[in-house]
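# A closer look at the structure
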Amino acid sequence: MTDPIAAAFAGHGRRAALMPYLMGGYPDLETSRAVAEACAEAGADLIELGVPFSDPLADGPVIHAAATHALAGGVTVDQVLGVCAAAAARLPVMLMVYANAVLAHGAEAFVARAADAGAAGLIVPDLPHDEAAELRAACDAAGLALIPLVAPSTSPERLEAIGAEARGFVYTVSLAGTTGERSALPPELPELVRRVRAAAEPTPVAVGFGIASGEQARAVAEIADGVIVGSRVVRAAGEGGAPAVRELVGELAGALE
Amino acid sequence: MSDAISPAGSLERRFGAYGGRYVPETLIPALDELERAWLEARADEGFGAELATLLRDFAGRPTPLYRAGRLSEEVGRTVYLKREDLLHTGAHKINNALGQALLAKRMGKDRVIAETGAGQHGVATATACALLGLECVIYMGSEDMRRQRPNVERMGLLGAEVAEVEAGARTLKEAVSEAIRDWVTNSAGTHYVIGSAVGPAPYPALVRDLQRTIGDEARAQILEREGRLPDRVIACVGGGSNAIGTFVAFEADEGVELVGVEAAGEGIESGRHSAPLSTGARGILHGAMSAVMQDSDGQIVEAHSISAGLDYPASGPEHAELRDSGRARYVAVGDDEAVASFRRLCRLEGLIPALEPSHAVAWLLGAGIEAAAGAERNGSTGTGLDLLTLSGRGDKDLAEVLGLD
Ligand SMILES: Cc1ncc(COP(=O)(O)O)c(C=O)c1O
């Protein structure tokens, strides 16, 4: 069985892999299916599919509001897994899900559901390395990648430990803060990515948080293997649905040519 | 007076299966730094002396242990009240706020953030920051700001900025989330003073250490007065800081029963309650694995209680472990019984209690809903000896209670 994440990072044919983030069930279930489809058509290499959570500590206002909106609309985890299953036919899907949703019914049970839905990996933003062993074992057993996150504040020793256990790719959080569009990339980003890369080799390194424009995406592609665009895509989904996302992702993909 | 802080040793990251640090990676170094700083400060006699002096001269420790004669007659057992209601700012929250603000200063952090529900912890933190010359931002849900206007004004007078939180139900849970998001962004120069024995490690242990002055004092006081330990030690449980601060001093005393009283709100069956220990599954909220109220998808559900200080859908991890081990038991009391007991204590003892400890008083008066089937009820013998932590006074609750008429 070939690893779909490794294949996506190897086969994009551009400066870096493009990974838009969308919120499952936002602005409604049907639109989020169409948004995933639009991402695939417009040139995304992988997608990150957010499972809405009531208390998303790592998220800024745009993604937080999208989660609240989806939950108010009655969206369930099962329904988001349905969106995952549809999208997984087109491209690798990383489920972005908070720890309580995973652990509420036990790690193995959630991993089994995610695997059934065709997910390629899990990203759990509030499950740092020290707490992740049980879930990583469950993911390994099911053939899913548990994607680790690192931040500018992560110490060299932690980077080593995280890099050594990394699966899929290393999600590098570009800045100290929550998700949300920023007008400029942090000046320290190249140095951070260099350190992460050294610790993670040969696992690919993707960068997320704050990236909103084609220009920023292109700058990140100079230093990293993957570019993650979250709040900007969610905003487009809310403002103009799948057509707006198709246009935005097309622009981002073009900037990575 | 007993030592304000606990003896040297390690700081627990987990309590059995509970606790841990379920937070974004960005915060891990800040939590490591806080853990080291507290281990050092706690072992430093100079720090201990400075805190003890502030607790004595500024906050009003030690607090009296009062033999509540008429309440004892009514209950049919001897009841002592630990008078945290007499502290400056009106509740036990100042014990923790002073300790953490002093720690922030020691760590070289000149900005402090905190969350508040009813405003008690916000006022306590704003007070400590004014005293120590620290910048202070308090996150508060807009619904709580509306309900607790006088405390918003107090924080303003004390020089704190009150940051309004518009998310979700606009109450305590969202205020904690916003404070954590601020800390994710600003942890380098900011200390987050969490208000109860909740949150990621080392907070539950840190807050317990700062609140154990309640239990240490009370244990020595009751031994002096009665020549023996109490049969039961009772405290209300929101996040669980006044309860754990009381219980910890008695944990090794095997014959002493520990009883935590949660808020049953409109009734456990209604679903509109704040009793995660009495009902909750295991879950993760605000960085800790603990007893958490949630739905079948793992979404956190809103808590309900007439007392804003108990209106939180999780409890501290050490309580979850004490529940599972059987060392403490947890019961729940509804809004109506709490209000009736609030009124009863006013008339019986000339004490206007906060609504939070009114829940504990209500259980003592026989109003509790037992979590364990067949558990023994109150008021049986005339020789029983109980100690109850009266965690705060009721000034803040007058509008709420009188508004019910
Ligand atoms: C007087 C009083 N008691 C109890 C509580 C509940 O907190 P904890 O369970 O942390 O003691 C509060 C919280 O605001 C309070 O103000």
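Residues numbered from 1 in each chain as written. Chains lettered and ligands numbered in written order. Predicted model: local features only at pLDDT ≥ 70, side-chain atom pairs only at ≥ 80, totals over all residues. Heavy atoms only, no water.

## Describing the nonpolar core
In plain terms, the rule: To form a nonpolar core, buried Ala, Val, Leu, Ile, Met, Phe, Trp, Tyr and Cys residues must be joined to one another through side-chain atoms within 4.5 Å. Summary of the burial criterion: residues with accessible area below 20% of their type's maximum are buried, those above 50% are exposed, and those between are partly exposed, where the area comes from a 1.4 Å probe applied to protein chains only. Strands here are runs of E lasting at least two residues and helices are runs of H or I lasting at least four, both read from the DSSP assignment and numbered beginning at the N terminus. Where each domain begins and ends follows an automated or database-derived domain assignment. In what follows, residue pairs with any heavy atoms lying within 4.5 Å of each other are defined as contacts.
Within the largest apolar cluster, 200 residues are counted, with the highest numbers of intra-cluster contacts made by L95, L122, L135, F169 and Y171 of chain A. When residues in this core are grouped by element, the largest group, ten residues, is from helix α11 (residues 231–255) of chain A. Both domain 1 (15–56 + 93–203) and domain 2 (61–90 + 212–403) of chain B contribute no fewer than three residues apiece to this core. The contacts of Y171 of chain A, once residues within four sequence positions are left out, are E48, M96, I123, I147, P148, L149, V150, A206, G208, F209 and I228 of chain A.

## Focus: the site of the ligand
Residue and element names in this part refer to chain B. Heads up, the rule is: Near residues are defined by distance, with any heavy atom within 4 Å of the molecule or strand qualifying the residue. Under the convention adopted here, Pro, Cys and the residues Ala, Val, Leu, Ile, Met, Phe, Trp and Tyr are nonpolar, Asp, Glu, Lys and Arg are charged, and Gly plus all remaining residues are polar.
The immediate surroundings of the ligand are formed by 18 residues, with S196, G238, G240, S241 and S391 found nearest. Among the residues making up the shell around the ligand, the classes are represented as five nonpolar, eleven polar and two charged. Looking at which domains feed residues into the shell around the ligand, each of domain 1 (15–56 + 93–203) and domain 2 (61–90 + 212–403) gives three or more.

## Here we look at the pattern of salt bridges
Residue and element names in this part refer to chain B. The cut-off we apply is this: A pair is scored as a salt bridge if a Lys or Arg side-chain nitrogen falls within 4 Å of a carboxyl oxygen belonging to Asp or Glu.
Following the criterion strictly, the structure yields 53 salt bridges over all chains and no others. As a salt-bridge pair, R344 and E74 come within 2.9 Å of each other at their nearest N and O atoms. One end of the pair, R344, is in helix α13 (residues 335–349); the other, E74, is in helix α3 (residues 69–75), and 270 residues separate them in sequence. Among the residues examined, R344 registers a relative accessible area of 34% and is labelled partly exposed.

## Here we look at the UniProt feature "modified residue: N6-(pyridoxal phosphate)lysine" (unreviewed entry) in chain B
All names here are of chain B. The test is simple: UniProt positions are given in the numbering used here, feature names are shortened, and annotations may be inferred rather than shown by experiment.
Here the UniProt feature "modified residue: N6-(pyridoxal phosphate)lysine" (unreviewed entry) sits at K93. Here K93 is to be found in helix α4 (residues 93–106). Exposure remark for K93: the relative accessible area of 18% places this residue in the buried category. Setting aside residues no more than four positions away along its own chain, K93 makes contact with Q120, H121, A124, G195, S196, Q211 and S241.

## Points about the interface of chain A and chain B
Stated precisely, the cut-off is as follows: Summed over both partners, the accessible area (1.4 Å probe) lost when two parts come together is defined as the buried area. Definition of a polar contact: a pair of N or O atoms within 3.5 Å, with one able to donate and the other able to accept a hydrogen when the atoms are protein atoms, and with sequence-neighbouring residues admitted only if both atoms are side-chain atoms.
In this complex, chain A contributes 36 residues to the contact, which on the side of chain B involves 29 residues. Summing both sides of the interface, chain A and chain B together bury roughly 2600 Å²; the carbon and sulfur share of this comes to 51%. Here chain A and chain B share four salt bridges between them. For the salt bridge of D55 of chain A with K173 of chain B, the shortest nitrogen-to-oxygen distance reads 2.7 Å. In this assembly, chain A and chain B are joined by 16 residue pairs in polar contact (both at pLDDT 80 or more).

## Focus: the packing of aromatic side chains
All names here are of chain A. What counts here: Here a pair means two rings of Phe, Tyr or Trp (six-membered ring of Trp) with centres within 6.5 Å. Their orientation is stacked below 30 degrees between planes, edge-to-face above 60, and tilted elsewhere.
Scanning the entire structure with this criterion turns up seven aromatic pairs over all chains. Aromatic side chains F9 and F169 sit 5.4 Å apart centroid to centroid with 45° between the ring planes, which places their arrangement in the tilted category. Within this pair, whereas F9 is found in helix α1 (residues 4–10), its partner F169 is found in the loop between α8 (156–164) and β7 (170–173), the two being separated by 160 residues in sequence. On the accessibility criterion, F169 (0% relative accessible area) is buried. Ring geometry for Y171 against F209: centres 6.1 Å apart, planes inclined by 90°, an arrangement best described as edge-to-face. Placement of Y171 in strand β7 and of F209 in the loop between β8 (205–208) and α10 (214–223) is noted, with a sequence separation of 38 residues between them.

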